[in-house]
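For reference, the chains in residue letters:
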Amino acid sequence: MKTRILLLLYVVMITCSAPVKGREAQHTDTLTIWVDGLCGMCKERIEIAALGTRGVKEASWESESRMLTLSVDTLKFKPHKLHYNVASAGHDTKELLAPDPVYAALPGCCKYRDFAIHDAAQHAGQHEDEAAGQHEDELQVSGVVYETDDSGGQTPLAGANVTWMGTVSGTITDQQGLFSIEREEGAHMLLVSFVGYGSDTLHIDGAAEVEVNFSNALALEEVSVTHRIKPTTFSFSSAYNIQNINEKELTKAACCNLSESFETNPSVDAGFTDAVTGTRKIEMLGLAGPYVQITRENMPDVRGLSALFGLTYTPGTWIESIQLNMGSGSVVNGFESITGQINVELRKPEQGDRLFINGYGNSDGAMEANVMTAYQINGRWSGSLLVHGNTRPFQLDHNGDGFVDHPTGENLVALKRFKYKNENGFESQMGLKVIYADRVGGEIGFDPDRPATDQPYWGSGINTSRVEAWAKAGKVFRDRPYSSVGFQVSGLLHRQDAAFGLTSYQADQQSVYYNLIYQSILGNTNHQYRTGLSFQADSYQERLSLGDYNRMEWVPGAFLEYTFNHLDLFSVVAGLRADYHNNYGAFVSPRLHLRYEPFEKSLFRASAGRGQKTASIFAENIGIFATSRAISVNGTGEDTPYGLEAEVAWSYGLNFAQGFILGHGDAVLRLDYYHTRFTQQVVVDMDRDPQQILFYNLDGKSFSNSIQLQVDLEPVERVDIRMAYRFNDVRTTYSSELRSRPLTAKNRAFINMGYETTGAWSFDVTWHWQDRKRIPGTETNPEPYRVAGYSPAFSQVNLQVGKTLFERLELYAGIENLFNYVQEDPIIASDDPFGPWFDSSLIWGPIFGRKLYAGFR
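Worth saying up front: this structure is predicted, and the values here are computed from it rather than measured.

This brings us to the overall build of the chain. Secondary structure assignment for the chain yields seven helices and 46 strands. Its C-alpha atoms give the chain a radius of gyration of 32 Å, near enough to 29 Å, the size a compact globule of 857 residues would have. Dimensions along the principal axes, computed over C-alpha positions, put the chain at roughly 105 × 60 × 60 Å. In the chain, which comprises 857 residues, the share counted as buried stands at 52%. Carbon together with sulfur atoms contributes 56% to the accessible area of the chain, which is approximately 37,900 Å² in total. Side-chain charges of the chain comprise 74 positive and 103 negative groups, with the mean position of each set lying 6 Å from the other.

Take helix H3 (residues 79-88) next. When H3 is considered as a whole, its buried residues turn out to be Leu82, His83, Asn85, Val86, Ala87 and Ser88. On its buried face, H3 is in contact with strand S1 (28-34), helix H2 (40-51), strand S3 (67-73), helix H4 (100-104) and strand S29 (524-544). Positive backbone phi, at 110°, marks Gly90, one or two positions downstream of H3.

All right, on to the side chain of Thr733 then. Tracing the sequence through the fold places Thr733 in strand S40 (residues 719-734). Here the side chain of Thr733 touches Lys701 through a polar contact of 2.8 Å, landing on its backbone oxygen. Contacts of Thr733, omitting those with residues within four sequence positions, involve Val683, Tyr696, Leu698, Asp699, Gly700, Lys701 and Leu738.

By size, the foremost hydrophobic cluster in this structure holds 77 residues, and its most contacted members are Ile342, Tyr505, Phe618 and Phe625. The leading source of residues in this core is strand S19 (residues 319-326), at four residues. The next biggest cluster of nonpolar side chains, apart from the first, holds 23 residues, and it includes Ala50, Leu68, Leu70 and Val86.

This part is about the sheet that holds strand S9 (residues 189-193). Hydrogen bonds between backbone groups are what pair the strands of a sheet, and the pairing can be parallel or antiparallel. Read across the open sheet, the four strands follow the order S7-S6-S9-S10; overall the sheet is antiparallel. In this open sheet, the two edge strands, each paired with only one partner strand, are strand S7 (170-172) and strand S10 (199-203). Direction aside, neighbouring strands of the sheet carry axes that sit 20° apart on average. Pairing of strand S6 (residues 161-164) with S9 involves four bridges; the strand directions are antiparallel. Note that in S9 the partner of Val162 across the bridge is Val192.

Here we take up the pairing of strand S46 (residues 851-856). Only one face of S46 is buried: it carries Lys851, Tyr853 and Gly855, and the other face, with Leu852, Ala854 and Phe856, is open. By the bridge criterion, four bridges tie strand S21 (residues 356-362) to S46 in an arrangement that is antiparallel. In the strand pairing of S46, Gly361 is matched with Ala854. Note that strand S45 (residues 809-816) and S46 share six bridges and pair antiparallel. When the bridges of S46 are listed, Ala813 appears paired with Ala854.

Should the charged atoms of two oppositely charged side chains come close, the side chains can pair. Taken as a whole and assessed by the stated rule, the structure comprises 47 salt bridges. Of the charged contacts in the structure, one is a salt bridge between Glu249 and Lys252, with a shortest N-O distance of 3.5 Å. Side by side, Glu249 and Lys252 carry an identical accessibility label, which is buried. For the salt bridge of Arg629 with Asp839, the shortest nitrogen-to-oxygen distance reads 2.9 Å. One end of the pair, Arg629, is in the loop between strand S33 (602-613) and strand S34 (630-634); the other, Asp839, is in the loop between S45 and S46, with 210 residues separating them in the sequence.

The next subject is the side chain of Arg577. Its location among the elements puts Arg577 in strand S31 (residues 570-581). Looking at Arg577, its side chain comes within polar contact range of the side chain of Ser534, at 2.6 Å. A distance of 2.8 Å separates a polar atom in the side chain of Arg577 from a polar atom in the side chain of Asp579. Among residues more than four places away in sequence, those in contact with Arg577 are Val331, Val332, Gly334, Phe335, Ser534, Gly557, Ala558, Phe559, Phe587, Val588 and Ser589.

In this section: the sheet that holds strand S2 (residues 56-62). Reading across the sheet, the three strands line up as S1-S3-S2 and stay open at both edges, with antiparallel pairing between neighbours. Bordering the open sheet on either side are S1 and S2, each of which pairs with just one other strand. For this sheet, the mean angle separating the axes of adjacent strands, direction not counted, is 15°. Judged from the seven bridges that link them, S1 and S3 form a sheet pairing that is antiparallel. Of the residues in S3, the one forming a bridge with Thr28 is Asp73. Each of S2 and S3 is contacted by H2, which is oriented at about 160° to S2, the strand it contacts most.

For the structure shown, the criterion picks out 11 cavities of 30 Å³ or more. Its boundaries defined by the atoms lining it, the second largest cavity holds a volume of some 670 Å³. Taken together, 33 residues form the lining of the second largest cavity, with Ala288, Glu620, Asn621, Val684 and Arg741 sitting closest to its centre. Sorting the residues of the lining of the second largest cavity by element identifies strand S15 (280-284), strand S16 (287-288), strand S37 (682-685), strand S38 (692-697) and S40 as the ones contributing at least two each. For the lining of the second largest cavity, a count of residues per class yields 20 nonpolar, eight polar and five charged.

Moving on: the confidence of the model for the chain. Low pLDDT means the predicted coordinates in that region are not meant to be read closely. Taken as a whole, the chain shows an average pLDDT of 88; of its residues, 91% reach a score of 70 or greater. Ignoring residues within four places in sequence, the model shows residues 123-138, a span with pLDDT below 50, making 15 contacts including any to other chains.

Our focus in this paragraph is the state of the cysteines. Under the definition given, this model contains zero disulfides. Not engaged in a disulfide, the cysteine Cys39 finds its nearest cysteine sulfur in Cys110; these two sulfurs lie 3.5 Å apart. Here Cys255 stays free of any disulfide, with the sulfur of Cys256 as its closest cysteine sulfur at 7.3 Å.

On to the packing of aromatic side chains. The full count for this structure, using the stated rule, is 29 aromatic pairs. When the centroid spacing of 5.6 Å and the interplanar angle of 45° are considered together, the rings of Tyr549 and Tyr642 count as tilted. One end of the pair, Tyr549, is in strand S30 (residues 547-566); the other, Tyr642, is in the loop between S34 and strand S35 (647-662), with 93 residues separating them in the sequence. Grouping aromatic residues by their ring pairs yields a cluster made of Phe500, Tyr505, Tyr549, Phe618, Phe625, Tyr642 and Phe695. When the ring centre of Tyr103 is taken as reference, the NZ or CZ atom of Lys111 above it lies at 5.8 Å. The residue whose ring lies beneath Lys601 is Phe236, and the NZ or CZ to ring-centre distance is 4.6 Å.

Take H2 next. The terminal C-alpha atoms of H2 lie 16 Å apart, and with 12 residues this matches the ideal 16 Å at 1.5 Å per residue to within 8%. Taken together, the buried positions of H2 are Cys42, Arg45, Ile46, Glu47, Ala49 and Ala50. Where H2 is buried, its residues touch S2, S3 and H3.

Here we take up the pairing of strand S41 (residues 737-740). The pairing of S40 with S41 spans four bridges and is antiparallel. Opposite Arg731, over in S41, you have Ser740 as the bridge partner.

Here the phi dihedral of Ser735 falls at roughly 50°; this positive angle occurs in a residue that is not glycine. Turning to its location among the elements, Ser735 is positioned in the loop between S40 and S41. Given a relative accessible area of 36%, Ser735 falls into the partly exposed group.

One can find Asp825 in the loop between S45 and S46. Note: C-alpha distance between Asp825 and Asp401 (424 residues apart in sequence) is 7.5 Å.

Rules behind the numbers
Residues numbered from 1 in each chain as written. Predicted model: local features only at pLDDT ≥ 70, side-chain atom pairs only at ≥ 80, totals over all residues. Heavy atoms only, no water. Helix = DSSP H or I, 4+ residues; strand = E, 2+ residues; numbered from the N terminus. Rg over C-alpha atoms; globule rule 2.2 N^0.38 Å. Buried < 20%, exposed > 50% of the residue type's maximum accessible area, 1.4 Å probe, protein only. Areas by Shrake-Rupley, 256 points an atom, 1.4 Å probe, with all protein chains shown as cover. Lys, Arg positive; Asp, Glu negative; His and termini not counted. Charge placed at Lys NZ, Arg CZ, Asp CG, Glu CD. Contact = heavy atoms within 4.5 Å. Polar contact = N/O pair within 3.5 Å; in protein donor to acceptor, adjacent residues only side chain to side chain. Core = buried A, V, L, I, M, F, W, Y, C linked by side-chain atoms within 4.5 Å. Pairing = 2+ DSSP bridges. Axes fitted to C-alpha atoms, helices over the stretch in contact; angles between N-to-C directions. Salt bridge = Lys/Arg side-chain N within 4 Å of Asp/Glu carboxyl O. 1 Å grid on protein atoms, 1.4 Å probe; cavity = no way out; pocket = protein on both sides within 12 Å on 5 of 7 lines; lining within 4 Å. Points joined across faces, edges and corners; volume = space filled by probe spheres on them. Nonpolar A, V, L, I, M, F, W, Y, C, P; charged D, E, K, R; others polar. pLDDT = per-residue confidence, 0-100. Disulfide = S-S within 2.5 Å. Phe/Tyr/Trp six-rings, centres within 6.5 Å; stacked < 30°, edge-to-face > 60°. Lys NZ or Arg CZ within 6 Å of the ring centre and 35° of its normal. Expected span 1.5 Å × (residues − 1).

Next up, the structure:
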């Protein structure tokens, strides 16, 4: 039944967006454009390119006039696509020049830019002798430029620009409107322009005298173009399933850092690892956040020891945009992407505000501030400074379990960056980021300065110091603008000291990363490729009460990615990586993305790819320390990290998107299906024994099936609605039994509604619903410390209202968890935290009640 309904909906939308056959004649038109060429071979090539353009029914090109006559369907035809296709075939139009490599590949008789061959075509094969006999003055083009008034009178225009299209050669008219310019080798399109008027393009063969008239009919009047940018956009042109989340989307909620940036996006789930440390986590396709490759401006960012805490190291107000790619990502960015990629773009030095200030506070005592500056040093250099600080000084215990609801402490983050750009196509940038974070949680009265052995209260303290540095350089070749080379390098030092009750955990990480990328085309821009070399090295030292775990990883690699585009209909991105891991040996990572758009705004995508990563088992599961469970690592390898195998998975995706008009504007219906299958995985087993947690290599099946239906629409002007439903079937073999993944809802629903007034008010409401979740078994615990096998279903509502004053100041206030729904007794045995039953890691729902907040930007 569901299949029939979806099929009917698709047919209805296709029918509504397609022209009625009986009216087809009303949408047929005839037009002509100028296309350069010489011979019969040119004629065939031009007409094939034209007929390959959507909406072109008939095409005929005449060599003498160089005019291409077309019969087109005006509902489907797009002029710029025709110019692009013809130029891609090697022939210039007045709007677009053919790429030099494509023109160079034409047969000799078709070289219309060559004066000699051009003249030969015009004068019956005498081009070589005539070219040799040309006089210097025959290579001069001269003329006059007039302004014609309403009465027909002509006035010479002084200062009009005259240039050869595609070159830097040009001149200006004198006081009498006269000009003279020499022919440029290969140039034959003369562009004449004047401020306040349009421009005129003339085709010139050999020497010529021209006259150009500008009239009031061509005068440019003031034009005001207004377009309301959607907070989240979806690309129809990319082979990747990418959502672009812009800065406006991030202001629709209390987005204090990256971990809180997806409250209004149904594709990413956010939650907490436990009820003590306040550590936030994200999930995509029903799988844990570490399976998502998170990059900062396409360089590695959140990984290793920062797999969870790293989400808090990027303040929300620093973010310019986020690109969210579901499924396997590009091989250019590495081999670690399994369920998707999240790329974060920070505010740029050359585009940022000279001064940006943000302040925030909430009813739970959290306060934060952000100050950012951007400045131009000179014509080539720009810089910026971003500073963030937050603090939570008060201990609160709303549910009365004796534990603070939120950890106290502070975060300080500062980033300094510079960017350089010159007129020769060279760009570079460099940055330095420093992070200090300190958080204290646990029982009311816990004193982190007292030794653990002399501490009557259970508590946790996590102190982190981190320094990151990076640099990027790139060069676009002026004579080959489709070719470029880029180099990326980054390094970090990460130190973490943590204690959880009587358990200590100290860890250090040192990492370096290099990536060299070259991109160009094969023949024409329909065939593009990127290739390069990469190197990633990580050193980890982890010291726990149960032992030390040290490892050194280094991975050199090479990659090649080929992109093919056929008109607007079909595109392919095929990539392959070859890497060598010093512990796991050599491996390859193929990736494939297909895109097909058979009808306007009807899009199909398919993807497949392999991903591999090393599990940082303690950093990725920090909540296990906020329990009394005994930790057991059952590794079988001698020379591998923790004795465990690498995690390897294949991801397959199918996507459908249909754009249509509904209400006030464009709407999009999306249906996504992803299957992720692990061939190797580190299993985190909390089911075998409530007093134990085990890590071991997968022995059996582990997979995830995720289906999401989403609709984005604007039924009324300035009202945006986003609705989604998602089904997750995530299963793993635990101790020889295939079971659903714990604490993961199979069904989720989501609605976000936003409204903006013309008076600068904004209103936003988000509703989340989650189905019940399986909870790891506690049947062997004493009766007071047992929990049900499944959680109840629940929903949450968040509200926010904002007002812009004086164009540059925005005030906002909101409520999180409006109806105050919380998980009761989130901590098992909170009355006996040093006993064997203590566990704060079985979190399935909200652990904080209603929260009020306010701020300004």
